[in-house]
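Descriptive analysis of the structure
In case you want the letters, here they are:
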Amino acid sequence: MKNKIYYLLTILACVFLSGCFNDDSSLSDGSVKDITVDGFAQSYVATAYTDKPLKISPSVKIGSEEANADNAVFQWYLINDKTGKVTSKGDTIQPIVIGHDKDLDFDVAVAPGKYQLRYEVTDKQSGYTVFKYAPLYVQTVFSQGFYILKQTPDGNTDVDVLNEDGTLSQNILQKTSGSPMAGKPLNLAALYNSCYINEETNEMEAVDAISITTEANNFGIYRATDFKRIFDKSNLSFEPLNDTEKPYGFLYASVLGHVYFSTGGARSASGPSYDGSLNSGKYGMPFSNIQGSQYFCHDIPSSGGIFLWDNATHGLYAMNYIGDVSPLQYDDLTGSDITQNLTDYDCLTCGYNLMNRVGTAVFVLEDKKNGDRYLYQTKSDFDQMYLKRRDKIPADFHLAKSSLFSVNASSAKYIYCVDNNKVYATIFSNDNLSEVKIPVKIGAGETIAYIGNQFYYNEFNYLVVGTQKGDHYKLYFFKLVGGAPDGDAVLTAEGTGSVASVKFLHNGFDSRMWDFSIAMYNANN
């Protein structure tokens, strides 16, 4: 008899559960009202970290009544393949709650990838709940575009990203980290193929990354997929860095790998090996006591050497592809008197030109005693890095008065400058320096506050001019023919703050191309 009762109860339970599992959107037995959801697409696509939120406005009814905050509870979730898994710290990864209203208005600030978008509606009276699901494909604006390092109106550092279609995403650090980085901006760099340990998976990975340093001794390295910070002072090396250490900047330098200059010395980290093997990405102990500064140039013909100005010794140096450092001298080993112990000199700018595969680093130094300025040029070959010439800049040159500079990287032997809100170029390819005016068309009432040159291989070559009007900047991208713009700007962007640097990141860059002295992009601006 007991077996028959158990058998009957089992059948009834199965029937009941079957009804529950087969119906997730409506139920009408006279005591519970139907919940219907319309206007929910089969799939969605969104771009992360832009000013374009994901907006969905479904039509929801409970019985014949419109659903609202008085009669229903709404929840929006994101679920991915990591949801429900346990981290190395023992925490269970929860769904990401992105909304509590009937309509969704979500600033997409999550890592790129595929998610399940889940919409949940609960009738407050009966407690009955229905669910709607759709795949959400999250893209990123970070993988490729112009990174804009800027000073915020309150004197701190943030970045904007300009995509090639003209879409501008502003205040990325504020959006991804909760606040700008403290201090005025100092250096911006693209670090391709950066190894690191993913804390979410505890596995080694390699990503393209962006490094940022500020004048307040702060820095961060961020992966270009979602701008999550992967390195800072706490984990850049195998021991935390000293809080008083002043970071200057990072550089990708071929054989040397990624190089970090600071008052603690020069350190390096390796990228993936040619067979694809990964590592932790940690920067080792200083391989040189040279501290450097924010003024350094990667040199391509010397297979990844670096020309640099050292703030500590007030001197110019050459660092070869294995990290050996020597004073910058002429090829007859003279000239150290004009490159070393220049205690009365400041470095104003540096840049790099690889026109016709002839590498030239350019430095402008100023004698603080009398205001005289000097233009230094280098030359190099495999494992050979020398001073080529030193020219006193004529006092009537605009280059002798400007505070804004940029070196044309690939199409002309020009160093650009700004004087009296006009752009000029000093030509350094001849025996004697000469100047030309560079015509650029900007808006009325705008003050030029930035100038730069960005190119990528044979895809584009732009003179970038930034103007300022109050707390707002505007960038103009002029297509270059030789060293001069060809007509009006082909791309513009406007944002808040003031521009300190612009660097282009390309998701198709192959670092091995540099081994053949091919200029792929401007790493030194």
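All of these numbers come straight from a predicted model, not from anything done at the bench.

The helix and strand tally for the protein stands at two helices and 38 strands. Each of the 525 residues in the protein was classed as buried or not, and the buried ones make up 50%. Sequence-distant contacts, at least 24 apart, represent 56% of the contacts inside the protein between residues at least 6 apart. For the protein, the accessible surface area stands at approximately 23,900 Å², while carbon and sulfur atoms represent 48% of it.

By way of backbone hydrogen bonds, the strands of a sheet pair with one another, either parallel or antiparallel. Pairing in this open sheet of three strands is antiparallel, and the strands run S18-S19-S20 from one edge to the other. Edge strands, defined here as strands with exactly one partner in the open sheet, are strand S18 (247-252) and strand S20 (265-269). Within the sheet, the average angular offset between the axes of one strand and its neighbour, ignoring direction, is 20 degrees. Two strands pair when backbone bridges link them, and strand S19 (residues 258-262) and S20 are joined in this way by five bridges, in the antiparallel orientation. Looking at S20, one finds that His258 is bridged to Ala269.

Before going further, it helps to spend a moment on empty space enclosed by the protein. One pass over the full model with this rule turns up two cavities of 30 Å³ or more. A volume near 50 Å³ is recorded for the second largest cavity. As for the second largest cavity, its lining consists of Ser194, Cys195, Ile221, Phe231, His258, Ala269, Ser270, Gly281 and Tyr283. Residue composition of the lining of the second largest cavity, grouped by class: five nonpolar, four polar and no charged.

Quick look at unusual backbone geometry now. With the exception of glycine, the majority of residues adopt a negative phi angle, and the majority of peptide bonds are in the trans configuration. Backbone geometry at Asn202 places phi at a positive 60 degrees, although glycine is not the residue there. Within the secondary structure layout, Asn202 lies in the loop between strand S14 (185-198) and strand S15 (203-214). Despite not being glycine, Arg357 shows a phi value in the positive range, around 65 degrees. For Arg357, the location among the structural elements is in the loop between strand S25 (345-353) and strand S26 (360-367).

What follows covers the packing of aromatic side chains. Scanning the entire structure with this criterion turns up 27 aromatic pairs. When the ring of Phe250 is compared with that of Tyr260, the centres are 4.6 Å apart and the planes differ by 20 degrees; the resulting orientation is stacked. Of the two residues, Phe250 is situated in strand S18 and Tyr260 in strand S19; the sequence distance between them amounts to ten residues. Aromatic pair Tyr456 and Phe504: ring centres 6.0 Å apart, planes at 55 degrees, arrangement tilted. Separated by 48 residues along the polypeptide, Tyr456 in strand S33 (residues 447-456) and Phe504 in strand S38 (residues 498-505) bring together distant segments of the chain. Each member of the pair, Tyr456 together with Phe504, is buried. The ring of Tyr374 has Arg390 sitting right over it, with the charged end atom 3.8 Å from the ring centre.

Rules and cut-offs
Residues numbered from 1 in each chain as written. Predicted model: local features only at pLDDT ≥ 70, side-chain atom pairs only at ≥ 80, totals over all residues. Heavy atoms only, no water. Helix = DSSP H or I, 4+ residues; strand = E, 2+ residues; numbered from the N terminus. Buried < 20%, exposed > 50% of the residue type's maximum accessible area, 1.4 Å probe, protein only. Contact = heavy atoms within 4.5 Å. Areas by Shrake-Rupley, 256 points an atom, 1.4 Å probe, with all protein chains shown as cover. Pairing = 2+ DSSP bridges. Axes fitted to C-alpha atoms, helices over the stretch in contact; angles between N-to-C directions. 1 Å grid on protein atoms, 1.4 Å probe; cavity = no way out; pocket = protein on both sides within 12 Å on 5 of 7 lines; lining within 4 Å. Points joined across faces, edges and corners; volume = space filled by probe spheres on them. Nonpolar A, V, L, I, M, F, W, Y, C, P; charged D, E, K, R; others polar. Phe/Tyr/Trp six-rings, centres within 6.5 Å; stacked < 30°, edge-to-face > 60°. Lys NZ or Arg CZ within 6 Å of the ring centre and 35° of its normal.

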